[in-house]
Amino acid sequence: MTTINVGLADLPESADVLVIGLGITGAGVALDAASRGLSVVAVDAHDVAFGTSRWSSKLVHGGLRYLARGQVDVAHESAVERGILMQTTAPHLIRALPMLMPLTPEVTRVQGGLARVGLRLGDLLRLGARTGRETLPRPRRIGVTETLTLASVVRPDGLRGGLLSWDGQLEDDARLVLAVARTAVAHGAHVHTRVRVSEPTGTGAVLTDTRTGESRTVRARTVINAAGVWAGDLVEEIRLRPSRGTHLVLRKDTLPGVRCAIMAPVPGASNRFVFALPQPDETFYVGLTDEEVDEIPDVPEPPEEDIEFLLRVLNTTLRQDVRRDQVIGAYAGLRPLLDSGSTTADISRKHAVLVSRTGVVTVVGGKLTAYRRMAQDAVDRAVTEAGLTAGSCRTASLPLLGAGSPTELAALDAPARLVRRFGTEAPAVLANAVEVTGLPEAELLAPIAPGLHATLAELVFGVTHEGAATVEDLLDRRTRIGLVPADRELAVPAAEKVLGLVGG
Ligand SMILES: Cc1cc2nc3c(=O)[nH]c(=O)nc-3n(C[C@H](O)[C@H](O)[C@H](O)COP(=O)(O)OP(=O)(O)OC[C@H]3O[C@@H](n4cnc5c(N)ncnc54)[C@H](O)[C@@H]3O)c2cc1C
């Protein structure tokens, strides 16, 4: 059974590879190493996707923003990885998202012209990455009528039409991390949450069960530090300059009749936008900021000035302002950027693989879209440094659990929500819930509370197969109900019920 474990129980005393952190990077490293035939132990101090990986914009993006900064290699890599994710490894979790930049009076004709050239270059990146038009349609300039049909909330006075382009959008970032981690388990990796690593060296580390306090030393032939913004706490040579990105959550009816993402240019900046991103659960996320920070808390708080900034920029494109009291939730995440002396907005989003004096291999920086490549580079380096015998990287052609073509997914006999979140595993998610709870299908598939979309069936799977052990695991990472505090309150009884029924 492809199950994520909680705590130290059943954790082997030695492995070829010890992976620290189960964000997208660590989960990717665990899968890469396990699928090359190496034995793997991968742990997180908290839970899968506890850190930055659940606070992203949930875009699998093609790197256009890097091209604008002259980082052609980063842009190409992003486009290639987007194509692999959308066409091979995780097509069930990603959809093509139409993105509209309205040409309002605030966008000068020169800026509009440059943006149009950028979209053409973005399409060349798509072509260079061999991503087909059936996956990502051609970007184009559209007229005023089509702009307002796609987004009737856009301010019509002085509107010159819009620029329409396409990028990948995840069902949810935490669900991608879970899919990668469980696929690693399917390839033999031991994946454990609530296990904190300390004193890592190139040959092992001390692992502590955060619930019981029990500690044990685990020996490994190589240790890979994928602890994101916390990487520097484990390896003193690593110096990071984290930057905070904040998103707001709005109800869908706050921006009625919007059928695409809206890009609002930040006044005075040539290549910065605030995005309103429609989500599958009938909300919008509005983001994002880029502010350097000194503190690294476990869960960053979005400050009021970030919220005001996002509303101010978004409202420049709207016929009616979104008010502060319409913001039903907000979240912030910290980018794990390497300190290179420049401002955080200018620091390259390219990842780095660094080997410490004691032999710990750290992989840091980058972005969610490029996790597979980051993992490949980290494992290649670790294999060389430790002199391991391992196969070559296979992950570019290795579908994650649940992956299926659009035709396969459409033919499944399962509710659409489960197919969107679990792909070809959706029928098994339901069958598992029936088997372990004995409840009728209708009860397992009903919304867990009025106005919410999550079902008991997926919460049950979270506990039996995805290592969820607490209400927070279920509401903040297996589902994202917790992003809206009012919804979270409604959902707590269902999460408690499931933990009572099937929790350890
Ligand atoms: C606001 C924002 C928006 C973004 N949007 C996008 C986007 O749309 N698309 C995109 O491609 N990228 C995006 N990114 C970038 C992307 O989210 C990050 O690069 C990526 O998630 C980092 O993942 P990670 O696994 O390296 O770190 P994390 O997800 O932070 O994982 C590190 C893990 O290590 C664990 N850990 C730490 N210390 C220890 C220890 N001692 N022992 C055991 N475990 C430990 C933590 O609990 C954590 O779970 C965004 C970033 C931000 C901040």
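Since the structure is predicted, the reported quantities are computational estimates derived from the model, not experimental observations. (Residues numbered from 1 in each chain as written. Predicted model: local features only at pLDDT ≥ 70, side-chain atom pairs only at ≥ 80, totals over all residues. Heavy atoms only, no water.)

Asker: Lay out empty space enclosed by the protein with the relevant residues and their values.
Answerer: Per the counting criterion, the structure on display carries 2 cavities of 30 Å³ or more. Taken as a whole, the largest cavity holds about 70 Å³ of empty space. If you trace the largest cavity, you find it lined by His 92, Leu 93, Arg 175, Leu 178, Ala 179, Arg 182, Leu 401, Arg 421, Phe 422, Glu 425 and Glu 466. Mapped by element, the contributors of at least two residues to the lining of the largest cavity are α6 (173-186) and α11 (416-422). It is α6 that contributes the most residues to the lining of the largest cavity, 4 residues altogether. Grouping the constituent residues of the lining of the largest cavity by class yields 5 nonpolar, 1 polar and 5 charged. (1 Å grid on protein atoms, 1.4 Å probe; cavity = no way out; pocket = protein on both sides within 12 Å on 5 of 7 lines; lining within 4 Å. Points joined across faces, edges and corners; volume = space filled by probe spheres on them. Helix = DSSP H or I, 4+ residues; strand = E, 2+ residues; numbered from the N terminus. Nonpolar A, V, L, I, M, F, W, Y, C, P; charged D, E, K, R; others polar.)

Asker: An account of the site of the ligand is needed here, citing residue identities and associated values.
Answerer: Lining the immediate environment of the ligand, one finds 36 residues, of which Thr 25, Asp 44, Ser 53, Leu 59 and Thr 369 sit closest. A distance of 3.5 Å separates an oxygen atom of the ligand from a polar atom in the backbone of Gly 51. Lys 58 places a main-chain nitrogen or oxygen 3.4 Å from an oxygen atom of the ligand. With the chains in place, 96% of the 1000 Å² that the ligand exposes on its own is no longer accessible. Those elements giving two or more residues to the shell around the ligand turn out to be α1 (24-35), β9 (195-201), β12 (243-251) and β17 (327-335). (Near = heavy atom within 4 Å. Polar contact = N/O pair within 3.5 Å; in protein donor to acceptor, adjacent residues only side chain to side chain. Areas by Shrake-Rupley, 256 points an atom, 1.4 Å probe, with all protein chains shown as cover.)

Asker: Account for helix α16 (residues 485-502), naming residues and giving values.
Answerer: Between its terminal C-alpha atoms α16 stretches 25 Å, which fits the 26 Å expected from 18 residues at 1.5 Å a residue. At Ala 491, α16 shows its largest kink, close to 40 degrees, and the proline Pro 493 lies no more than four residues downstream. Here α16 has its buried residues at Asp 487, Ala 491, Ala 494, Ala 495, Val 498, Leu 499 and Val 502. For α16, the secondary structure elements touched by its buried residues are β12, α12 (426-437), α14 (456-465) and α15 (471-478). (Expected span 1.5 Å × (residues − 1). Bend = angle between axes of the 7 residues up to and from the residue. Buried < 20%, exposed > 50% of the residue type's maximum accessible area, 1.4 Å probe, protein only. Contact = heavy atoms within 4.5 Å.)

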